[in-house]
Amino acid sequence: MPNVLETLVAGALEDAAARRIDRPYSDVERDLDRVASPLDALEFLAPGDRVKILAEVKRASPSRGSMATIADPAALAGEYERGGASTISVLTEGRKFLGTLADLEAVKARVGVPVLRKDFIADPYQVIEARASGADLVLLIVAALEQQQLVELHTLAEELGMRVLVEAHSADELARGIDAGARILGVNARDLTDFSLDRDLFGSLADRIPAGVVRVAESAVAGPDDVAHYRAAGADVVLVGEALVTGEDPAATLASFIAAGDRG
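Note that this is a predicted model, so its numbers are computed, not measured.

Student: For this particular structure, what's the right way to read the packing of helix α4 (residues 73–83) against helix α12 (residues 250–261)?
Tutor: Two quantities define a packed helix pair, namely the angle between the helix axes and the distance between the axes. Where α4 contacts α12, the axes come no closer than 8 Å and their chain directions differ by 35°. Relative to α12, the crossing made by α4 is right-handed. In contact with Leu 76, Glu 79, Tyr 80, Arg 82 and Gly 83 of α4, α12 contributes Pro 250, Ala 251, Leu 254, Ala 255 and Ile 258.

Below is the structure:
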């Protein structure tokens, strides 16, 4: 079976190289001076009495194909904020997730909470263009990066004022993320090499995340019971995408998920 993650990263790097022709480093770096200072996602995602929701603007995925048209991502993000989302994740990968940086820019202009650029980032250009497009934090997937790359990209993001969601899928990847200085660590229930799911993975790894580091549970959230499950296992934050974009009332769904965390 082909490694899905490797294919996604390769495609993302090809697309970034194409964008760099039209928008070279010099243009992107100039745009850094034109965007507002980033919001501190750590303040919005810090552990508290209630679970935090990282709500995702997501049109499609390799595992499910097309899920939602989302003609107006900013309007959807506004509904997420109204429902209590602490941070908005925007998929900007175009080949399989049908997202764009324009989606991120539109969402950032609408909401007052931090915005995450969720993509397959493996090049400094992608980090810089994320900030130039208004991102407050970026995703770095440990499995997609050599350790030196992980450290360098994490350092660059923080130098630009952003926070980083470091994503792991094993104890070894978690340790690498900690070594890289992660302050927001996600455990993805989905194995990005083959897209299989293990909802109990977060619970098996949560105790390995040091005190003071925000613990994020990702994937395998279909309803309130899944949020309660993750909260009981120690999640500070739960990332939710598909269940929100396929529902009829994302704000009400979000509110129910936050309430479900009280049962955890």
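Student: How should I be thinking about α4 in this particular structure?
Tutor: Because an α-helix packs 3.6 residues into every turn, residues spaced three or four apart end up facing the same way. Among all positions in α4, only Pro 73, Ala 74, Leu 76, Ala 77, Gly 78, Tyr 80 and Gly 83 are buried. Elements that come into contact with the buried residues of α4 comprise β1 (52–57), β4 (87–91), α5 (101–110), α11 (242–245) and α12. One or two residues past the end of α4 sits Gly 84, with phi positive at roughly 110°.

Student: Would you mind going over the packing of α4 against α5 with me for this structure?
Tutor: Contact geometry of α4 with α5 gives a least axis separation of 8 Å together with a crossing angle of 45°. Here α4 lies oblique to α5, going by the angle between them. In terms of crossing hand, the pair formed by α4 and α5 is right-handed. On α5, the residues touching Pro 73, Ala 74, Ala 75, Ala 77, Gly 78 and Glu 81 of α4 are Asp 103, Ala 106, Val 107 and Arg 110. A per-class count over the contact of α4 with α5 returns 6 nonpolar, 1 polar and 3 charged.

Student: Quick question: what am I supposed to make of the packing of aromatic side chains here?
Tutor: Aromatic ring pairs: the centre-centre distance and the angle between the two ring planes describe each pair. According to the stated counting rule, one finds 3 aromatic pairs in the structure shown. Between Phe 202 and Tyr 230, the aromatic rings sit 5.9 Å apart at their centres with planes inclined by 80°, giving edge-to-face as the arrangement. Here Phe 202 is found in helix α9 (residues 201–205), whereas its partner Tyr 230 is found in helix α10 (residues 224–232), with 28 residues between them in sequence. Residue Phe 202 shares its accessibility class with Tyr 230, and that shared class is buried. The ring of Tyr 125 carries the charged tip of Arg 20 above its face, separated from the ring centre by 5.1 Å.

What counts, and at which threshold
Position numbers for residues start from 1 in each chain and track the written sequence from start to end. This being a predicted model, a pLDDT of at least 70 is required before a residue's local features are given, and a value of 80 or more before pairs of side-chain atoms are given or counted; all residues contribute to the totals for chains, interfaces and linings. With hydrogens and water set aside, each side-chain value is computed from the structure's full complement of heavy atoms. Angles shown run from 0 to 180 degrees and are taken between the N-to-C directions of axes, each axis being a line fitted to C-alpha atoms and, for helices, limited to the stretch in contact. Strands here are runs of E lasting at least two residues and helices are runs of H or I lasting at least four, both read from the DSSP assignment and numbered beginning at the N terminus. By the definition used in this description, the sense in which the near helix is turned from the far one sets the handedness, with an anticlockwise turn below a right angle giving left-handed and a clockwise turn giving right-handed. The contact definition used throughout considers only heavy atoms, calling two residues in contact when any of these lie within 4.5 Å. Exposure categories follow from relative accessible area, calculated using a 1.4 Å probe and restricted to protein chains: below 20% of the type maximum is buried, above 50% is exposed, and the middle band is partly exposed. Should an angle lie under 35 degrees it is considered roughly parallel, over 145 roughly antiparallel, and from 65 to 115 roughly perpendicular; all remaining angles are considered oblique. Throughout, the ten residues Ala, Val, Leu, Ile, Met, Phe, Trp, Tyr, Cys and Pro are labelled nonpolar, Asp, Glu, Lys and Arg are labelled charged, and all others, Gly among them, are labelled polar. Here the aromatic set is Phe, Tyr and Trp, taking the six-membered ring for Trp, and pairing holds for ring centres within 6.5 Å; pairs whose planes are under 30 degrees apart are stacked, those over 60 apart are edge-to-face, and all others are tilted. In this analysis the charged atom, NZ for Lys or CZ for Arg, is taken to sit over a ring once it is within 6 Å of the ring centre and within 35 degrees of the ring normal.

Keep in mind these numbers describe shape, not what the thing actually does.
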